[in-house]
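The lines below spell out each chain.
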Amino acid sequence: MEHDTLLSARGLTLHFGATPALVDVDADLWPGEVLAVVGESGSGKSTLLNVLSGRLAPDAGVAWYRDPAGALHDIHAMPAPALRTLHRSDWGFVHQNPRENLRMAVTAGGNVGERLMARGSRHYGDIRAAAISWLEQVEIDADRVDDLPRTFSGGMLQRLQIARTLVTHPRLVFMDEPTGGLDVSVQARLLDLIRGLVRRLGIAAVLVTHDLAVARLLAHRIMVMQRGRVVESGLTDRVLDDPRHAYTQLLVSSVLGA
Amino acid sequence: MNVASGYNFAYLDEQTKRMIRRAILKAVAIPGHQVPFGSREMPLPYGWGTGGIQVTAAVLGRDDVLKVIDQGADDTTNAVSIRRFFARTAGVATTTHTAEATVIQTRHRIPETALRQDQIIVYQVPQPEPLSRLEPSREETRRMHALADYGLMHVKLYEDITRFGHVSISYDYPVMVDGRYLMAPSPIPAFDNPKMDRMAALQLFGAGREKRIYAVPPYTSVRSLDFDDHEFRASRAPHACLLCGATDSYLDEVVIDDQGGRMFVCSDTDHCEGRRDGT
Ligand SMILES: Nc1ncnc2c1ncn2[C@@H]1O[C@H](COP(=O)(O)OP(=O)(O)OP(=O)(O)O)[C@@H](O)[C@H]1O
Ligand SMILES: [Mg+2]
């Protein structure tokens, strides 16, 4: 199976001063698979996501991406234009805070249409129709298409960010705490939505969360991080039902106890 | 030999002119790409065309015939003072007739008369960066140009059509040069944009305060940004010029009395006079 991975990493290491944010991290992601990265605050989850997506360079180690033609690319050796092209077509990035990704002074339709236009779409009517269709897919009323995001609730903003990211049908999406900072009821609806979209579109995702329930619902496999190291990884049910590492056991029991 | 003694030919010293010519050559080699240059202090405040003047000074030869226009007119203070400046410091002949000029420095217009291969038009540019109002970071706009990442400009057009039903940019309407670089045509009316496309004359752009030079070589494709289903249209006031009757020229609206009376006349004064003289 190894040769089929969409994304692979070996020996990723990164220090911030004396802080070991990543230590010898290996990771594999297969097409259509959701991989959850869990661990407490400061364990290196976001750093891993940033390194895997080429937004940060590691001190040591390698990460490869396999393009649709089957060619492997060393993510940190790619020329900047090629990496940028990946980020606006094959890949997507969903931030915890949707305001970091959305243009707050641009209508919902313009936000969703931007990646299409960046990719060369030049038909206003088609772009608008695609934006409306994507708003509906993330359960935002089509008649909000001309509204500014600042009139949207937190949950709507996050769904708008997802529509903006998925409109180009990326093969791989990086998500950093996509349900963080939202009310519990809003979170549940958003998780259902993400699960439905990821399954239907066959998108592979690396999902960072500190919430094991989120990982349970969305992920096929889990990596557990502690102080920059992967202490345990495996199929979601196996890791959560039968945790082997003491730290994972602590995480699982603390959720159960809560 | 200089007309006004104490100045080098066309005011700038030869070393500065060579530096500007190198920037111009680079700009011609990469159509639409903004080339940085060491802009000099000129005896005019920024905003009075110091970038255009430096480019003109660098390309001017003793046999050139210079025309200077400001918003289409040869007789405004700005045009007159720049024309006089070069008459004094370079001793070159000047003209108000487009067809007689070899170098035309302009602010805000392109002459109505089609330009020829043996002419150069120099535009005064206040803001060379077409993305400046959409993306404040110069580092980011440079990256966008390097990667031809112009989706953001189309987002602006999308938003305009969504809000107003049409693109609301009437001056400095962004263009793609040679299918590669997004370029600000300077604050000419969008009406003039089609004249830039495959123009026979060399087009040079100088931005003094922003220290940038860019160029469109002769016969280069210049396309106004648009959508397939909302095509660019060069619009003008739906009137005939009250002086010459032209229905195809760009018009200025002029107040003619204190009763609120107005009339529409050609903004290109030379073109208008030529039509009235029957030349
Ligand atoms: N830019 C940075 N400069 C210095 N230290 C950093 C930087 N980014 C992260 N760190 C440190 O690296 C470690 C890992 O941080 P990271 O943000 O990856 O954790 P995380 O698992 O995403 O945490 P959280 O759940 O709080 O988001 C932490 O000790 C953090 O303080
Ligand atoms: Mg984090």
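Residues numbered from 1 in each chain as written. Chains lettered and ligands numbered in written order. Predicted model: local features only at pLDDT ≥ 70, side-chain atom pairs only at ≥ 80, totals over all residues. Heavy atoms only, no water.

**Thoughts on the nonpolar core**
Counting 69 residues, the largest nonpolar core has V112, L160, I162, M175 and I222 of chain A together with Y173 and F227 of chain B as its most contacted members. With residues near it in sequence (within four places) discarded, Y173 of chain B still touches L157, V167, P185, A190, N193, S224, L225 and F232 of chain B. (Core = buried A, V, L, I, M, F, W, Y, C linked by side-chain atoms within 4.5 Å. Buried < 20%, exposed > 50% of the residue type's maximum accessible area, 1.4 Å probe, protein only. Contact = heavy atoms within 4.5 Å.)

**Thoughts on the pattern of salt bridges**
Applying the stated criterion to the full structure yields 30 salt bridges over all chains. Here K17 of chain B makes a salt bridge to E14 of chain B, at a shortest N to O gap of 2.9 Å. Taken together, the residues K17 of chain B and E14 of chain B, both in helix 1 (residues 14-29) and three residues apart, mark about one turn of the helix. Beyond isolated ion pairs, a larger network of salt bridges with shared partners links R84 and R88 of chain A together with E139, E140, R143 and D149 of chain B. (Salt bridge = Lys/Arg side-chain N within 4 Å of Asp/Glu carboxyl O. Helix = DSSP H or I, 4+ residues; strand = E, 2+ residues; numbered from the N terminus.)

**Section: the sheet that holds strand 7 (residues 172-176) of chain A**
Hydrogen bonds along the backbone pair up the strands of a sheet, which may run parallel or antiparallel. All names here are of chain A. Spatial strand order, 6-7-8-3-9-10: six strands in an open sheet with mixed pairing. On the outer flanks of this sheet lie strand 6 (91-94) and strand 10 (229-235), each paired with one strand and no other. Neighbour to neighbour, the strand axes of the sheet diverge by 15 degrees on average, direction disregarded. Pairing between strand 9 (residues 221-226) and strand 10: six bridges, direction antiparallel. Bridged to M223 within strand 10 is S233. Along the sheet, helix 5 (residues 154-166) contacts strand 6 and strand 7; its crossing angle with strand 6, the most-contacted strand, is approximately 170 degrees. (Pairing = 2+ DSSP bridges. Axes fitted to C-alpha atoms, helices over the stretch in contact; angles between N-to-C directions.)

**Considering the packing of helix 3 (residues 108-118) of chain A against helix 4 (residues 124-137) of chain A**
All names here are of chain A. Running from N to C, helix 3 and helix 4 point in directions that differ by 115 degrees, and their axes come no closer than 9 Å. Relative to helix 4, helix 3 is oriented so that their crossing is right-handed. Contact residues: helix 3 offers A108, G109, V112, G113, L116 and M117, while helix 4 offers I127, A130, A131, W134 and L135. A per-class count over the contact of helix 3 with helix 4 returns nine nonpolar, two polar and no charged. (Left-handed = near helix turned anticlockwise from the far one by under 90°. Nonpolar A, V, L, I, M, F, W, Y, C, P; charged D, E, K, R; others polar.)

**Side note on the domain arrangement of chain A**
Interface size is often expressed as the accessible area that is lost when the parts come together. Residues and elements named next belong to chain A. Here chain A is described as being made up of domain 1 (1-90 + 170-258) and domain 2 (98-169). Taking the mean C-alpha position of each, domain 1 and domain 2 sit 25 Å from one another. Of the residues lining the interface, 17 residues belong to domain 1; the matching set on domain 2 comes to 15 residues. For the domain 1 and domain 2 pair, buried surface summed over both sides reaches about 1,400 Å², with 64% attributable to carbon and sulfur atoms. The largest share of the area that domain 1 buries against domain 2 comes from R88, P170 and L193, three residues that together contribute 35% of it. One salt bridge in this structure joins R189 and E139, with 3.1 Å as the shortest N-O distance. For the interface between domain 1 and domain 2, the tally reads five residue pairs in polar contact (both at pLDDT 80 or more). For the side of domain 1 that touches domain 2, the elements supplying multiple residues, two or more each, are helix 2 (80-88) and helix 6 (184-201). When grouped by side-chain class, the residues that make up the side of domain 1 that touches domain 2 number 11 nonpolar, two polar and four charged. (Domains from an automatic or database assignment. Buried area = accessible area lost by both parts, 1.4 Å probe. Polar contact = N/O pair within 3.5 Å; in protein donor to acceptor, adjacent residues only side chain to side chain.)

**Remarks on the packing of helix 4 of chain A against helix 5 (residues 151-164) of chain B**
Packing of helix 4 of chain A against helix 5 of chain B leaves a shortest axis separation of 11 Å and a crossing angle of 85 degrees. In this view, helix 4 of chain A runs roughly perpendicular relative to helix 5 of chain B, as classed from their interaxial angle. Across the interface between the two elements, Y124, I127 and R128 of chain A from helix 4 of chain A touch Y158, I161 and T162 of chain B from helix 5 of chain B. Grouping the constituent residues of the contact of helix 4 of chain A with helix 5 of chain B by class yields four nonpolar, one polar and one charged. (Parallel < 35°, antiparallel > 145°, perpendicular 65-115°, else oblique.)

**Details of the sheet that holds strand 4 (residues 60-66) of chain A**
Residue and element names in this part refer to chain A. Reading across from one edge, 2-1-4-5 is the order of the four strands in this open sheet, with antiparallel pairing throughout. Strands with a single pairing partner mark the edges of an open sheet, and in this sheet they are strand 2 (19-29) and strand 5 (72-74). Adjacent strand axes in the sheet meet at a mean angle of 25 degrees, parallel and antiparallel pairs treated alike. As paired elements, strand 1 (residues 7-16) and strand 2 share seven bridges and run antiparallel to each other. Residue H15 lies in a different strand from strand 2, and its bridge partner there is P20. Where helix 1 (residues 45-52) meets the sheet, its contacts fall on strand 1, strand 2 and strand 4, and the angle it forms with strand 1 comes to roughly 125 degrees.

**Examining the site of ligand 1**
All names here are of chain A. Taken together, the neighbourhood of ligand 1 is formed by F16, T19, A21, E40, S41, G42, S43, G44, K45, S46 and T47. In this structure, G42 approaches ligand 1 through a main-chain N or O atom, which is 2.8 Å from an oxygen atom. At 3.2 Å, a backbone N or O of S43 approaches an oxygen atom of ligand 1. Protein contacts shield 57% of the accessible area of ligand 1, which totals 630 Å² for the unbound molecule. Every element with two or more residues in the shell around ligand 1 is listed here: strand 2 and helix 1. The leading source of residues in the shell around ligand 1 is helix 1, at three residues. (Near = heavy atom within 4 Å. Areas by Shrake-Rupley, 256 points an atom, 1.4 Å probe, with all protein chains shown as cover.)

**Points about the interface of chain A and chain B**
The interface is formed by 21 residues belonging to chain A together with 19 residues belonging to chain B. Here chain A meets chain B over a buried area of about 1,800 Å², counting both sides, of which 60% is carbon and sulfur. The largest share of the area that chain A buries against chain B comes from R84, R122 and Y124 of chain A, three residues that together contribute 42% of it. Counting every contact that joins chain A to chain B gives three salt bridges. The residue R88 of chain A makes a salt bridge to D149 of chain B at a minimum N-O spacing of 2.9 Å. Summed over the shared surface of chain A and chain B, the result is 11 residue pairs in polar contact (both at pLDDT 80 or more).

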